[in-house]
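Listed below are the residues making up each chain.
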Amino acid sequence: WTLQPPRRRPRRRRWSGSGRACACTTTRRSTRPGAAPRGSTRCSCSTRGTSARTRPRPPRAPRAPGSRASASSSRASATWTPASAASAHASSSCAPATTSRTPSAQPSRTYWNIGKLCFESDTEPYALARDKRVTDFAAASGIEVFSPVSHTLFDPAEIIEKNGGRPPLTYQSFVATAGEPPKPVMEKYSELPPIGDTGGYELLPVPKLEELGYGDLSQEYIPPFRGGETEALKRMRESLQDKEWVAKFEKPKGDPSAFLKPATTVLSPYLKFGCLSARYFYHCIQDVYRSTKTHTKPPVSLAGQLLWRDFFYTVSFGTPNFHQMEGNKICKQIPWRENGELFVAWRDGRTGYPWIDAIMIQLRKWGWMHHLARHSVACFLTRGDLYIHWEQGRDVFERLLIDSDWAINNGNWLWLSCSSFFYQYHRIYSPISFGKKYDPNGDYIRHFIPVLKDMPKEYIYEPWTAPLSVQEKARCIVGKDYPKPVVDHEAASKECRKRMEEAYASNRLGGNPVKGNSSNSSRRKFSDGGQDVPDSSMSKQPRKRS
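Since this is a predicted model, take the numbers as computed values, not measurements. (Residues numbered from 1 in each chain as written. Predicted model: local features only at pLDDT ≥ 70, side-chain atom pairs only at ≥ 80, totals over all residues. Heavy atoms only, no water.)

**A few points about the packing of helix α13 (residues 371–384) against helix α19 (residues 489–508)**
Angle between the axes and distance between the axes are the two parameters that describe a pair of packed helices.
(1) Moving on: With their axes 10 Å apart at the nearest point, α13 and α19 run at an angle of 60° to one another. Relative to α19, the element α13 lies oblique. Contacts between α13 and α19 involve T382, R383 and G384 from the first element and A492, S493, C496 and M500 from the second. (Axes fitted to C-alpha atoms, helices over the stretch in contact; angles between N-to-C directions. Helix = DSSP H or I, 4+ residues; strand = E, 2+ residues; numbered from the N terminus. Parallel < 35°, antiparallel > 145°, perpendicular 65-115°, else oblique. Contact = heavy atoms within 4.5 Å.)

Next up, the structure:
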């Protein structure tokens, strides 16, 4: 819950950079995504060049006569309550307490009487830095902090300590070190405890999408996944009802083209957002295993997938710069090339390879796709065809996936680009034959790329090989209605293998094949003009079959 002061009209207290008071009190609400938070104001008066976005301030505590509030005290004013609220609710358990921590010359401040702060432990670097600031502030204020590890099966810090102070870098060593996860807390609650008296403050509800800056909410396609704990538990129970499916679950044998009924539980978004406890899910799976004669084992089993999740959490927690190539001691230094045109074609589903494009379109529409589909597009972008930095693909997944998880997303991109964990770079997913093995009729492609829905199945994975008469009959002319392939897969994959071999050789010799290129260079805007010219072998168009 967020405590905010009662809403009021903007006051004339905006100051320009020149020291003159700004007369603007117009509140603007932008409809653009990423706009300023609701309730913010943007100066539109005559003092151009001095506009600023500011947050509405909570009411100030009474100042002592002749005193001057410092900048730090104004920042801390979010914890103040009106003096009237303090007197009116002095007997309430959640009422603010008046304390004076400064000499009498300083203003009297009114604080919320908070004795204990509880939040879930988070292992991401950003969260660790944020939580440290919160914990330090709480310690200085005499507030007890309770931060349990409950988002994962194990405590990553304990695993690293048991492993001699280093994160285990293989799945087998992680499982051997971790052992059996603790049991989940099984108490059930029908309702949350009451909030109590909030004084003169208003409890704000969850903001609407319009208030977050999204004006046009019309969508071409509504994702089929509902959020929340109720939906998570429902999905989990439905998946575990089929005990034979659970017992025989084997990850490499899933069907990445199944979209009407996905071949997995689709519980990853619920685990990511805390709608489903990983420990509870794990022990429910164990209950099913105990009721069957045989079942698959980690790493391919259903329970093994939760162990994979914890493996990446632990490695990421114990590896500095895990999210990038530069400064990451477990990441191969590979001189990935920059090519904005090819990257945008991959990102937008316009590579000319229907299997790859359908996956990227599903990602954009649903925010989810099967893990083997993710393997296909990640390999295509990096070591398979385009030889583009895995960090760029990671950023796209991070923005679009509803189950995007910092540790798992980075870990999988390190793996699939053969930058870490997995080093058989010569094994490449074909953008043609891999999808055809699961879906020879191309139903998955027809669903997500309607322009190809009438293409005969003989050409659905390679429409550029169809005779012009067939393309005309299917009402899909390659190069006009659907793009031509951006690279020749056979030539591009051969060149990628050669480059990967050279990069690996340089890493073994202790050299730096990157030659000073920063990993952040992959995040430049494409309009900068600093793009490499693609090799002729990699930009060559596929030959039309005779």
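**Things to note about the packing of helix α5 (residues 171–178) against helix α10 (residues 302–318)**
(1) Moving on: In the contact formed by α5 and α10, the axes pass within 10 Å of each other and the chain directions differ by 95°. By the angle between their axes, α5 is roughly perpendicular relative to α10. Contact with α5, carried on its side by Y171, F174 and V175, involves G304, L307, W308, D310, F311 and T314 of α10 and no other residues of that element.

**Thoughts on the UniProt feature "site: Electron transfer via tryptophanyl radical" (unreviewed entry) in the protein**
(1) Moving on: In the numbering used here, UniProt assigns the feature "site: Electron transfer via tryptophanyl radical" (unreviewed entry) to W336, W390 and W413. Their sequence span is 78 residues, while the largest C-alpha to C-alpha distance among them is just 13.7 Å; these annotated residues converge on one region.
(2) Moving on: Tracing the backbone through its elements, the reader meets W390 in helix α14 (residues 390–400).
(3) Moving on: Exposure remark for W390: the relative accessible area of 0% places this residue in the buried category.
(4) Moving on: Leaving out residues up to four positions away in the same chain, W390 has contacts with F322, H323, Q324, M325, C331, W336, T382, N410, W413, L414, S417 and S419.
(5) Moving on: Judged by relative accessible area, which is 1%, W413 ranks as buried. (UniProt positions renumbered as here; feature names shortened; annotations may be inferred. Buried < 20%, exposed > 50% of the residue type's maximum accessible area, 1.4 Å probe, protein only.)

**A short note on the pattern of salt bridges**
(1) Moving on: Under the defined criterion, the tally for this structure stands at 15 salt bridges.
(2) Moving on: One salt bridge in this structure joins D136 and K132, with 2.8 Å as the shortest N-O distance. Here K132 and D136 lie together in helix α3 (residues 125–140), a separation of four residues that amounts to about one turn.
(3) Moving on: In this structure, the salt-bridge partner of D348 is R347, at a minimum N-O distance of 2.9 Å.
(4) Moving on: For R347, a relative accessible area of 22% gives the class partly exposed.
(5) Moving on: Through salt bridges with shared partners, a single ionic network connects R347, D348, R350 and R364. (Salt bridge = Lys/Arg side-chain N within 4 Å of Asp/Glu carboxyl O.)

**Comments concerning the packing of aromatic side chains**
(1) Moving on: Applying the stated criterion across every chain, the model contains 32 aromatic pairs.
(2) Moving on: Pairing F312 with F421 gives two aromatic rings, centres 5.6 Å apart and planes at 80°, and the pair type is edge-to-face. In this pair, F312 is assigned in helix α10 and F421 in the loop between α15 (406–416) and α16 (433–438), connecting sequence segments 109 residues apart.
(3) Moving on: For F421, a relative accessible area of 15% puts it in the buried group.
(4) Moving on: Summarising the aromatic geometry, the rings of W346 and F397 are spaced 6.4 Å apart at their centres and angled 15° between planes, so their arrangement reads as stacked. Taken together, the positions of W346 in helix α11 (residues 340–347) and F397 in helix α14 put the pair 51 residues apart, joining distant regions of the chain.
(5) Moving on: On the basis of relative accessible area, W346 is assigned to the buried category, the value being 0%.
(6) Moving on: Taken together through their ring pairs, the aromatic side chains of F225, F259, W355, W366, W368, Y429, F434, Y438, Y444 and F448 make up a single cluster.
(7) Moving on: It is K116 that lies over the ring of F146; its NZ or CZ is 5.4 Å from the centre.
(8) Moving on: Its guanidinium or amino end placed over the ring of Y423, K332 lies 5.3 Å from that ring's centre, counting from NZ or CZ. (Phe/Tyr/Trp six-rings, centres within 6.5 Å; stacked < 30°, edge-to-face > 60°. Lys NZ or Arg CZ within 6 Å of the ring centre and 35° of its normal.)

**Quick look at unusual backbone geometry**
(1) Moving on: Residue P299 is bonded to the preceding P298 through a cis peptide linkage, with omega at 15°.
(2) Moving on: Tracing the backbone shows P299 in the loop between α9 (278–290) and α10.
(3) Moving on: A positive phi angle, near 55°, is found at Y387, a position not held by glycine.
(4) Moving on: Examined against the element boundaries, Y387 turns out to sit in the loop between α13 and α14.
(5) Moving on: On the accessibility criterion, Y387 (0% relative accessible area) is buried.
(6) Moving on: For C418, which is not glycine, the phi dihedral falls at a positive 60°.
(7) Moving on: Within the fold, C418 resides in the loop between α15 and α16.

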